[in-house]
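Results of the structural survey
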Amino acid sequence: MMERKRRRPVFLIAALLCAGIALSGCAKSETRNSEITDATDAGEKSAAIENTEADHAGGEESDSPDWEKMKAQETMNLRYADQFSVEKYEDGYEKIVIGDSDTYLVVPEGAKIPEHIPEGVTVISRPLSNIYLAATSAMDLFRSLNAIDKVTLSGTQESGWYLDEAKQAMESGAMIYAGKYSAPDYERILAKSCDLAIESTMIMHSPEVKEQLEKLGIPVLVERSSYEKSPLGRMEWIKLYGVLLGKEEEAEACFEEKAKEVEQIVTKQASGKTAAFFYISSNGYVNVRKPGDYISEMIRMAGGVPVPQNIEDNGNALSTMNMQMEAFYAEAKDADYLIYNSTIDGELENLSDFLAKSSLLSGFKAVKEGHVWCTGKNMFQESMGLGDMILDLHHLFTEEEPDPAEMTYLHPLK
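As a starting point, this report considers the structure included with it. Numbers given to residues run from 1 along each chain, matching the order in which its sequence is written. In keeping with the predicted nature of the model, local features appear solely for residues at pLDDT of at least 70, side-chain atom pairs appear and are counted solely at 80 or more, and the whole-chain, interface and lining totals rest on all residues. The basis for every side-chain value is the complete set of heavy atoms in the structure, and neither hydrogens nor water enter the calculation.

Some thoughts on the environment of E331
Going along the chain from the N terminus, every DSSP run of H or I of four or more residues is numbered as a helix, and every run of E of two or more is numbered as a strand. Among the structural elements, E331 can be located in helix α11 (residues 325-332). Taking the C-alpha atoms as reference points, E331 and A276, separated by 55 residues in sequence, lie 9.6 Å from one another. If we ignore the near neighbours within four places in the chain, the residues touching E331 are P308, N310 and M323. Contact definition: two residues touch when any of their heavy atoms are within 4.5 Å.

With respect to the nonpolar core
To form a nonpolar core, buried Ala, Val, Leu, Ile, Met, Phe, Trp, Tyr and Cys residues must be joined to one another through side-chain atoms within 4.5 Å. Between buried and exposed lies partly exposed: a residue is buried under 20% and exposed over 50% of the maximum accessible area for its type, with that area taken using a 1.4 Å probe on protein chains only. Core analysis: the largest hydrophobic core is formed by 85 residues, its most contacted members being F142, Y241, L244 and L393. When near neighbours in sequence (up to four residues on either side) are disregarded, F142 contacts I131, L133, A147, I148, V151, I198, Y241 and L245. M321, F328, Y340 and V367 belong to the second largest nonpolar core, which has 26 residues in total.

Things to note about α11
Restricting attention to buried positions, one finds in α11 the residues M325, F328 and A332. The buried residues of α11 occupy an angular sector of 60° when the element is viewed end-on, so they sit on one face. In α11, the exposed positions that point more than 90 degrees away from the buried face belong to E326 and A330. Contacts made by the buried residues of α11 are with β13 (274-280), β14 (286-289), β15 (305-307) and β16 (320-323). Each direction from the helix axis to a C-beta atom contributes to the arc, which is the arc of those directions.

So, the pattern of salt bridges
We count a salt bridge whenever a side-chain nitrogen from Lys or Arg sits within 4 Å of a carboxyl oxygen from Asp or Glu. Applying the stated criterion across every chain yields a total of 20 salt bridges. Put simply, R143 and D140 hold a salt bridge, and the shortest N to O gap is 2.7 Å. Here the residue R143 and the residue D140 both occupy positions in helix α3 (residues 139-144), the gap between them amounting to three residues, near one helical turn. For R143, a relative accessible area of 23% translates into the label partly exposed. Residue classification places D140 among the buried positions, given a relative accessible area of 2%. The residue K333 makes a salt bridge to D334 at a minimum N-O spacing of 3.5 Å.

Describing unusual backbone geometry
Along the chain, R126 connects to P127 via a cis peptide bond; the corresponding omega equals 5°. Positionally, P127 belongs in the loop between β7 (121-125) and β8 (131-133). Across the junction of V307 and P308, the peptide omega takes the value 0°, indicating a cis bond. By secondary structure assignment, the location of P308 is in the loop between β15 and β16. In this structure, H116 is a non-glycine residue whose phi angle is positive, near 60°. Positioned with a positive phi, N146 is a non-glycine residue whose angle comes to about 55°. Among the secondary structure elements, N146 is positioned in the loop between α3 and β9 (151-154). Among the residues examined, N146 registers a relative accessible area of 66% and is labelled exposed.

This is the structure:
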């Protein structure tokens, strides 16, 4: 079986894209259940097919492993995450299942792609060196594994990054903008010999993009860390990226270090203090977290009680919902703490900026007692920082005068 060639005839592919021709020359062609892809010219590809057919006619046996005969030897231990699983096979092959059915086979560096892989299983071959990352929250996992250099194509523009390492990579040209998830720059992605596209579940709104990337021979992994109810479950996704990058030991060590810090405070007695985590939209609605959301769970883990509690879930998959300001006031006016989510409309500088959002805010107990706090913009991009956010909240709920200098993501509004 021919090994994959990473070099692509970019000038030819670009011409085909412009002409609207189906890129059959870049798509996978299977002969004797083997991949022969991305031949540098038609003659080379033809010769490869003829050689494979000759081998078959001569009865020569393939030295590739047979997927149907491979046996799982171990299942990865996951303590909190329930949105993915990993099975380890002989010779370093690993199978990832995300959600209920999305299945990926990770092939170790230098190994051959097994024969008889079932339809619907996406093959990801290591090493990965040119990843297109459209799932913003995953960048911090690459940073934690010292692997941001593997992400050379970004689905977020430089101005949209709050992680210094990502901004620096884009400033230097080591990482380039390749279009948002719904409108990627296919030509640029191909020119970089992209070996994996990582998408969030937002790609489900643009299924034609996923289909086109796959037609171009680029495996697409749709990650679902945002579906984890436990904050530690979200953090445990670093283990999945450890599998993709061949850094499993580093991923395990990083997760255990962060989890241990949180687990030490979760066992302590709850303070009973109430906290509302929200922001006010431009049209005056209050966006709050649902009771089952991971932010609400973080408040509980830190010893607090999330409010509002008496709200009806509108039944959609979103973790937040909008309320009328009057309804929010009725439910949260007696909250011990107000925590303003600055991610959407920017960080607030002082209490005056906060009170300018609505005339009703001045009547809240937390405002009168000086217990209004604001998050930093970077909170939601730093996935491995969720543990630090829980520690911030724990300071808030258990100390009479929390020291802002001890906080990572929260600052008081005065």
